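For reference, the chains in residue letters:
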Amino acid sequence: MRFPSIVARYPHFLHGGDYNPEQWLKWKDTIWQEDMRLAKLAGINSLSIGIFSWSMLEPQEDEYHFEWLDEMMDMLADNNMIAVLATPTGARPAWMSKKYPEVLRVNAGRQRNIFGGRHNHCLSSPVYREKTTAINIRLVARYKDHPALGVWHISNEYGGDCHCPLCQERFRSYLKGKYKTLDALNQAWWSTFWSHTYSDWDEIESPSPLGDMVFHGLNLDWKRFTTEQFVDFYLHEIKPMKEFSPLVPCTTNLMGIYPGIDYYRLAEVMDVAAWDNYPRWVGNEKDIAVGSKAAFCHDIARGLKGKPFMVIESCPSATNWQAVPKLRRPGAHVLQSMQAVAHGSDTVQYFQFRKSRGSSEKFHGAVVDHEGSEQTRVFKDVAEVGRRLASLDAVIGSDTPSKVAIIYDWNVRWALDDAKGFLQDKTDYETTVIDHYRAFWSMGIPVDVIDSTRSFDKYDLLVSPMLYLLRDGTAERINAFVENGGTYVATYATGYVDSIDLCFLGGFPGPLKETLGIWNEEIDALFPEDENSILWQGKSYRAVGLCELIHAKGAETLGVYGSDFYAGTAALTVNRKGKGRAYYIAARTGPDFLADFYGMVTAAAGVKPLLEAPLPEGVTAQARSNGETEFVFLMNFSGSAKTVDAGSAGILNLAPFDVRIIERKCSKIPR
Ligand code: GLA
Ligand code: ZN
């Protein structure tokens, strides 16, 4: 399957990134010109502009200055470059905060911020919304037919929340819309606990250290409301864009698994998913973990819309805000960039093109250093990425055919973060999901990462680590998936609470009990120095952190606990149901178990790795397919040289950070 390219008229990888020509306005006759020359030399064909330009575009209320942007847009067009043009709402001019304090955010402690920073605005403020429309309308009216315009970059890294009176009012209306009556809300939030019963809507307040921080129903609905605030604000922002430039795609830059917004929900209103990729590379074998986490985030970005996405920011060198801004090792930048492509990105974009001269990002990696020439090591790395991308047009728009889905769900994460029961602050939802993901990554089996609202139909294997909260309809859809022949894997901490965070009565895993054929009676939390074991297929595997005491109720017991008072009881089960089967892993395990277990499960489910021969540790294979050709990317994250048996493509020697692309006809895919 082949999707259209992100900019329909431009079927090439976008290579480029954030550029702030307004910081260099006084030097535009020299630096702007030089930047065009350098961009060409680096194989850069796109720049993202206007991201934080509000005070340069509207230095005083209703006084607009677009001349500099006109000039830059023309310059990009003259140089055959695509503009990713931003709305400037990520940061506001100082005059606006002074004149209209309501635009400033109020924190959870109910204190209004003062001017400064960025992302410091109230999404409910009518003034902020009016000012946003005013600038966005002018941008679209001015540039809708501009030959450089390729993509609308809406705001920047939406995040945080606001607790002002206007937001409280909107929260209450959201709750009224959802629950209709106070009785229903009181019931849903279990408000008789600690005498929290509300007798009027206006008694409801957002979570705050001055009031409630551990009222689960309130917390969960606040998170959902905050997501809806961003959805609503995004829709507000793009209204003029959709009216006057309907063919130009709109996106906003997401932050991987940032916990504050349910990205699967936000993505519903975005034309294309885009994310900012900042892995913390270390330069040795620890990069295997870093690489698999980055892969997971790329697969989320692809899963958001089920199609190619944009890596709209990444760093070409050291990232200044990381605790140890390590220099990129030779080859690592090419690997980071090709990894994005391998997982479905149709762009490689950076923060930033030219390193800024002042303020907090002056030492953040950039394509063009303060030194200013094309002679730097980083510049040459970027140019190498440019060269590689230029030869990969056939990959543009191609799909990632995958038969396995792993569920990562923001609602589950929110509820688990609150759970207060089994490991207090260490429920480790993300790391657990990534541990399971890594087993597939290591085998070279492509995976889609989806949330529990997405369709399961096209998959042979569905894995849902710690699916603690079941959203409405999820259990029914999982049941149907198994009945129809799918293989399903669930783990400890599954099916404890319903979509409003109330515990299921009648035994866990709630409505999944029959599908899984088990009853989970209790969960044991282990001290860090303790461990149990799972005995399975003649081997003993470590069990750590959490061990559930389950009873097989129809399921077959495959593995049992090795010690403690529950030694010999079920720890790993399989239930045959309809045409499918459902596995349950009752304890947290190490990677050795997950590797063996998923090796067995994928073989039983008929899911094949991209290469027949096993991959060496730290090497992964990912694929993109345009319907005719399948491009298999082999990538070495191990920090040492590795040899890969690539079947008909021969034996390949991969140096540290090496990437090879094997092309094969789609009909030959063994899947
Ligand atoms: C984020 C922001 C950018 C920049 C980079 C630095 O991704 O969107 O504006 O601050 O971080 O890494
Ligand atoms: Zn507010």
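Every value quoted in this text rests on a predicted model; they were computed, and no experiment measured them.

Conventions used here
- Residue numbering note: each chain is counted from 1, following its sequence as written.
- Just so you know, chain letters begin at A and ligand numbers begin at 1, following the order they were written in.
- Given that this is a predicted model, residues contribute local features only at a pLDDT of at least 70 and side-chain atom pairs are listed and counted only at 80 or more, while totals for whole chains, interfaces and linings are drawn from all residues.
- Only hydrogens and water are removed before side-chain values are computed, so all heavy atoms of the structure are retained for them.
- One speaks of a salt bridge when a side-chain nitrogen belonging to Lys or Arg is within 4 Å of a carboxyl oxygen belonging to Asp or Glu.
- For the purposes of this entry, the term helix denotes a DSSP run of H or I that reaches at least four residues, the term strand denotes a run of E that reaches at least two, and both are numbered from the N terminus.
- A simple rule labels every residue: compare its accessible area, found with a 1.4 Å probe on the protein chains alone, to the largest value its type can have, and call it buried under 20%, exposed over 50%, or partly exposed in between.
- Donor atoms: N, O and S within 2.8 Å of the metal, or within 3.2 Å for Na, K and Ca. Because water is excluded, sites can look incomplete.
- Take the number of residues in a helix, subtract one, and multiply by 1.5 Å to get its expected span.
- We call a residue near a molecule or strand as soon as one heavy atom of that residue lies within 4 Å of the molecule or strand.
- Side-chain atoms alone can form a polar contact between residues adjacent in sequence; in general such a contact is a pair of N or O atoms within 3.5 Å, and within protein one must be able to donate a hydrogen while the other accepts it.
- The Shrake-Rupley method, run with a 1.4 Å probe, gives the accessible areas here. Residue values count only the displayed protein chains as cover.
- Lys, Arg, Asp and Glu make up the charged group, whereas Ala, Val, Leu, Ile, Met, Phe, Trp, Tyr, Cys and Pro make up the nonpolar group; the residues left over, Gly among them, are polar.
- Where each domain starts and ends comes from a domain assignment, either automatic or drawn from a database.
- Residue contacts are defined here by distance: any two heavy atoms, one from each residue, within 4.5 Å place the two residues in contact.
- Take the accessible area each of two parts loses on contact, using a 1.4 Å probe, and add the two losses: that sum is the buried area.
- Stacked, tilted and edge-to-face pairs are distinguished by plane angle, under 30 degrees for stacked and over 60 for edge-to-face with tilted covering the rest, among Phe, Tyr and Trp rings (Trp via its six-membered ring) whose centres lie within 6.5 Å.

**Topic: the pattern of salt bridges**
For step 1, the next point in the chain: Applying the stated criterion to the full structure yields 38 salt bridges.
For step 2, the next point in the chain: In this structure, Lys131 engages Glu61 in a salt bridge whose closest nitrogen and oxygen atoms are separated by 2.5 Å. With Lys131 in helix α5 (residues 126–143) and Glu61 in the loop between α2 (54–57) and α3 (67–78), this pair connects stretches of sequence that are 70 residues apart.
For step 3, the next point in the chain: A salt bridge links Arg387 to Glu384; its shortest N-O distance comes to 3.2 Å. Here Glu384 and Arg387 lie together in helix α12 (residues 377–390), a separation of 3 residues that amounts to about one turn.
For step 4, the next point in the chain: A relative accessible area of 23% places Glu384 in the partly exposed class.
For step 5, the next point in the chain: Each of Arg110, Glu169, Arg172 and Glu205 takes part in salt bridges that share partners, so that together they form one network.

**Looking at the coordination of the zinc ion (ligand 2)**
For step 1, the next point in the chain: With distances of 2.3 Å, the protein atoms coordinating the zinc ion (ligand 2) are Cys122 (SG), Cys162 (SG), Cys164 (SG) and Cys167 (SG).
For step 2, the next point in the chain: Counting along the primary sequence, the residues that act as donors to the zinc ion (ligand 2) give the motif C-x39-C-x1-C-x2-C. Remark: Cys162 occurs in the loop between β4 (149–153) and α6 (165–179) and Cys122 occurs in the loop between α4 (94–99) and α5; sequence separation between them is 40 residues.

**Digging into α5**
For step 1, the next point in the chain: The terminal C-alpha atoms of α5 lie 26 Å apart, and with 18 residues this matches the ideal 26 Å at 1.5 Å per residue to within 8%.
For step 2, the next point in the chain: Within α5, the full set of buried residues consists of Val127, Tyr128, Arg129, Lys131, Thr132, Ile135, Asn136, Leu139, Val140 and Tyr143.

**Considerations on the site of ligand 1**
For step 1, the next point in the chain: Within the structure, ligand 1 sits among Phe52, Arg118, Asn156, Glu157, Asn253, Asp276, Tyr278, Glu313, Trp321, Phe351, Glu361 and His364.
For step 2, the next point in the chain: At 3.4 Å, a side-chain N or O of Tyr278 approaches an oxygen atom of ligand 1.
For step 3, the next point in the chain: Here Trp321 contributes a side-chain N or O atom positioned 2.6 Å from an oxygen atom of ligand 1.
For step 4, the next point in the chain: Surface burial for ligand 1 is 96%, taken as the share of its 310 Å² of free accessible area covered by protein chains.
For step 5, the next point in the chain: A per-class count over the shell around ligand 1 returns 4 nonpolar, 3 polar and 5 charged.

**Focus on unusual backbone geometry**
For step 1, the next point in the chain: Cis rather than trans, the peptide bond between Phe351 and Gln352 has omega equal to 15°.
For step 2, the next point in the chain: Structurally, Gln352 is set in the loop between β9 (345–350) and α12.
For step 3, the next point in the chain: The residue after Phe508, namely Pro509, is reached through a cis peptide bond having omega 5°.
For step 4, the next point in the chain: Looking at the secondary structure, you find Pro509 in the loop between β13 (487–491) and α16 (513–516).
For step 5, the next point in the chain: Within the chain, Asn80 stands out as a residue other than glycine whose phi angle is a positive 55°.
For step 6, the next point in the chain: Note that Asn80 resides in the loop between α3 and β3 (82–86).
For step 7, the next point in the chain: A positive phi angle, near 40°, is found at Glu157, a position not held by glycine.

**Section: the domain arrangement of the chain**
For step 1, the next point in the chain: Domain annotation of the chain identifies domain 1 (14–163 + 224–395), domain 2 (404–605) and domain 3 (619–665).
For step 2, the next point in the chain: Inter-centroid distance (C-alpha atoms) of domain 1 to domain 2 is 37 Å.
For step 3, the next point in the chain: Across the contact, 25 residues belong to domain 1 and 20 residues belong to domain 2.
For step 4, the next point in the chain: For the pair domain 1 and domain 2, the summed buried surface comes to about 2,000 Å²; carbon and sulfur atoms form 57% of the total.
For step 5, the next point in the chain: For domain 1, the biggest contributors to the area lost against domain 2 are Arg224, Tyr264 and Phe296; these three give 35% of the whole.
For step 6, the next point in the chain: The interface formed by domain 1 and domain 2 includes 12 residue pairs in polar contact (both at pLDDT 80 or more).
For step 7, the next point in the chain: For the side of domain 1 that touches domain 2, the elements supplying multiple residues, two or more each, are α8 (216–244), α9 (263–267) and α10 (287–305).

**Thoughts on the environment of Ala525**
For step 1, the next point in the chain: On the secondary structure map, Ala525 appears in strand β14 (residues 518–525).
For step 2, the next point in the chain: According to the relative accessible area criterion, Ala525 is partly exposed, its value standing at 36%.
For step 3, the next point in the chain: Through-space distance from the C-alpha of Ala525 to that of Phe363 is 44 Å; in sequence the pair is 162 residues apart.
For step 4, the next point in the chain: Ala525 has contacts with Phe422, Leu423, Gly545 and Leu546, leaving out every residue within four places of it along the chain.

**Concerning the packing of aromatic side chains**
For step 1, the next point in the chain: Tallying each qualifying case throughout the model produces 39 aromatic pairs.
For step 2, the next point in the chain: Ring geometry for Tyr258 versus Tyr263: centroids 6.3 Å apart, planes at 35°, classification tilted.
For step 3, the next point in the chain: Aromatic side chains Tyr278 and Trp321 sit 5.5 Å apart centroid to centroid with 70° between the ring planes, which places their arrangement in the edge-to-face category. A residue pair is termed long-range when its members are at least 10 positions apart, and Tyr278 in the loop between β7 (274–277) and α10 and Trp321 in the loop between β8 (309–314) and α11 (332–342) qualify at 43 residues.
For step 4, the next point in the chain: Judged by relative accessible area, Tyr278 falls into the buried class, the value being 14%.
For step 5, the next point in the chain: Taking relative accessible area as the criterion, Trp321 reaches 45% and is therefore assigned partly exposed.
For step 6, the next point in the chain: Three or more aromatic residues link up through ring pairs in this structure, and these residues are Tyr258, Tyr263, Tyr264, Phe296, Tyr408, Trp410, Tyr429 and Tyr437.

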